[in-house]
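The lines below spell out each chain.
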Amino acid sequence: MFRRRPLLLATVTSVGCAAAQGMAAACVPALGARALGAPGRGALLLTVAAAAALAATALHARLGRSVPPGRVLGFGALVQAGAWAVAGTGGPAATVVAFAVAGAAEGPQLTALFAVRHAETPPRLRGRVFTTGAGLKITGFAVGAAVAGAVASRSLPAALLLAATVCAASALPYAARRSRPSVTGTPGSRRTARRR
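### Remarks on the overall build of the protein chain
Each helix and strand counted, the protein chain has eight helices and zero strands in total. The order of α-helices and β-strands along the protein chain, N terminus first, is α-α-α-α-α-α-α-α. Expressed as a percentage of the 196 residues in the protein chain, the buried residues total 35%. Surface summary for the protein chain: the accessible area is close to 10600 Å², and the carbon and sulfur share equals 67%.

### Considerations on the environment of Val86
For Val86, the location among the structural elements is in helix H3 (residues 69–89). Taking the C-alpha atoms as reference points, Val86 and Val96, separated by ten residues in sequence, lie 9.8 Å from one another.

### Points about the confidence of the model for the protein chain
Averaged over every residue, the pLDDT of the protein chain is 88; residues scoring 70 or more account for 88%. Taking the mean pLDDT of every element in the protein chain, the minimum, 39, falls on helix H8 (residues 187–195) and the maximum, 96, on helix H6 (residues 156–170). Here residues 180–196 is modelled with pLDDT under 50, and outside its nearest four sequence neighbours on either side it reaches five contacts, counting other chains as well.

### Brief notes about the nonpolar core
Counting residues in each nonpolar core, the largest one holds 25 residues, and the members touching the most others are Cys27, Leu31, Trp84, Phe99, Leu160 and Cys167. Taken together, the elements giving at least two residues each to this core come down to helix H1 (5–36), helix H2 (43–63), H3, helix H4 (92–120) and H6. Once residues within four sequence positions are removed from consideration, Leu160 is found in contact with Ala24, Cys27, Leu31, Trp84, Ala87 and Gly88. If you look at the next biggest cluster of nonpolar residues, it comprises ten residues, including Leu73, Ala112, Leu113 and Tyr174.

### A closer look at the side chain of Thr11
Along the chain, the position of Thr11 falls in helix H1. Note on Thr11: relative accessible area 8%, which makes it buried. From its side chain, Thr11 meets the backbone oxygen of Leu7 in a polar contact 2.8 Å long. Beyond its immediate sequence surroundings of up to four residues, Thr11 is in contact with Met1 and Leu136.

### Things to note about the environment of Ala171
Tracing the chain through its elements places Ala171 in the loop between H6 and helix H7 (172–179). In sequence terms Ala171 and Gly70 are 101 residues apart; their C-alpha atoms lie 10.0 Å from each other. Once residues lying within four places of it in the same chain are set aside, the contact partners of Ala171 are Gly74, Ala77 and Leu78.

### Things to note about the packing of aromatic side chains
Inspection of the entire model under this criterion finds two aromatic pairs. Consider the rings of Trp84 and Phe99, whose centres lie 5.2 Å apart with planes at 75°: the pair is edge-to-face. Here the residue Trp84 occupies a position in helix H3, and Phe99 occupies one in helix H4, the gap between them amounting to 15 residues. A cation over a ring is seen here: Arg117 above Phe130, with NZ or CZ 5.5 Å from the ring centre.

### Regarding H3
Between the first and last C-alpha of H3 there are 31 Å, a value that for 21 residues agrees with the 30 Å anticipated at 1.5 Å per step. Every buried residue belonging to H3 is among Gly70, Val72, Leu73, Gly74, Gly76, Ala77, Gln80, Ala81, Ala83, Trp84, Ala87 and Gly88, and all of these are buried.

### What to know about the packing of helix H5 (residues 126–152) against H6
Where H5 contacts H6, the axes come no closer than 7 Å and their chain directions differ by 150°. Taken together, the axes of H5 and H6 lie roughly antiparallel to each other. Across the interface between the two elements, Val147, Ala148, Val151 and Ala152 of H5 pack against Leu156, Ala158, Ala159 and Leu162 of H6. In the contact of H5 with H6, the residues fall into eight nonpolar, no polar and no charged.

Procedures and definitions
Residues numbered from 1 in each chain as written. Predicted model: local features only at pLDDT ≥ 70, side-chain atom pairs only at ≥ 80, totals over all residues. Heavy atoms only, no water. Helix = DSSP H or I, 4+ residues; strand = E, 2+ residues; numbered from the N terminus. Buried < 20%, exposed > 50% of the residue type's maximum accessible area, 1.4 Å probe, protein only. Areas by Shrake-Rupley, 256 points an atom, 1.4 Å probe, with all protein chains shown as cover. pLDDT = per-residue confidence, 0-100. Contact = heavy atoms within 4.5 Å. Core = buried A, V, L, I, M, F, W, Y, C linked by side-chain atoms within 4.5 Å. Polar contact = N/O pair within 3.5 Å; in protein donor to acceptor, adjacent residues only side chain to side chain. Phe/Tyr/Trp six-rings, centres within 6.5 Å; stacked < 30°, edge-to-face > 60°. Lys NZ or Arg CZ within 6 Å of the ring centre and 35° of its normal. Expected span 1.5 Å × (residues − 1). Axes fitted to C-alpha atoms, helices over the stretch in contact; angles between N-to-C directions. Parallel < 35°, antiparallel > 145°, perpendicular 65-115°, else oblique. Nonpolar A, V, L, I, M, F, W, Y, C, P; charged D, E, K, R; others polar.

Next up, the structure:
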């Protein structure tokens, strides 16, 4: 997982997003009270996210095969970051929409993560890699929930903005990878590019 760069990037991004999802989950009762009138109704927000994830995954399976999995992972993290920021600062309707958008980003992102793991892992190690990756995500979720629980008791928007920050940070490895200049061509052209 650490030697193969695509697999490492996918793991970092997925664990970061899982931590942010744990933060958002810890805020669900307070969001239910604020947006839907009762803490118990916060579970409806999770239902909205799950339904959106299922629909987006089905659509991605039909239309998104030409999109590289790494791009789906990075873009999904950024979309979730925006959704958690809106949930922290918006009104009731914006909160519901934010959970739908976050779910729609999370579904294809999970599919892309599986695609990267399958492509980058030798068959004899796939069981270990998938199990270890799942364990890391669960740990990230739990740590995120614990941190957000302490923060949300003082400020609900701050906890969700923290979730947004963690999600955005988890997309940085892909942004840095895309921004690297690629030098191609003959050795002479590479030397010219270096002189420039």
